[in-house]
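Here is how the chains run, residue by residue.
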Amino acid sequence: MVCALPEFGGRRGKISVMSEVRNPPVRDLTPEEVARGLAEDSMLLVDVREPKETAAERYPGAVIVPLSTFDAAKIPDPGGRQVVFACRSGRRSVTASQAAQAQGRPYDAHLAGGILAWKAAGLPTES
């Protein structure tokens, strides 16, 4: 996409806007989509934050598999549920999804915005 900029000194400028390209691809899910999937038991939430972070605050019912020691084999059998990765802001969860895919797992979804977006949406956490 190319956006026109306002005139400055009689000259018009243009700027290119690029969307983030992820390889392998990772789907962004909203907090509401994830909360609905958890309520329907159609999703397994995997929190990839470190133990110190999850001890302070965590997603209810999430499985904890820290990114620092990540191995997709440590994720429990989802039993037909979609695996969704989560973290604080959404960066580490993308990394975890890509790592899982590189390890041959079909786990291509994450909670966009992480626990920050989760709380901003008014969804509960545990201490």
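Preceding this section is the structure that the text describes.
All of the points below concern the structure found in this document.

Conventions we followed
- Residues numbered from 1 in each chain as written.
- Predicted model: local features only at pLDDT ≥ 70, side-chain atom pairs only at ≥ 80, totals over all residues.
- Heavy atoms only, no water.
- Buried < 20%, exposed > 50% of the residue type's maximum accessible area, 1.4 Å probe, protein only.
- Helix = DSSP H or I, 4+ residues; strand = E, 2+ residues; numbered from the N terminus.
- Pairing = 2+ DSSP bridges.

## With respect to the pairing of strand β4 (residues 43-47)
Here is step 1: Of all five residues that make up β4, five are buried, and the element is covered over most of its length.
Here is step 2: Burial along β4 is two-sided: Met43, Leu45 and Asp47 and Leu44 and Val46, pointing in opposite directions, are all buried.
Here is step 3: In this structure, β4 lies alongside strand β6 (residues 82-86), joined through five bridges in parallel fashion. For Asp47, the partnering residue across the bridge sits in β6 and is Ala86.
Here is step 4: Taken together, the two bridges between β4 and strand β5 (residues 63-64) define a ladder with parallel strand orientation. Paired with Val46 across the two strands is Val63, which belongs to β5.

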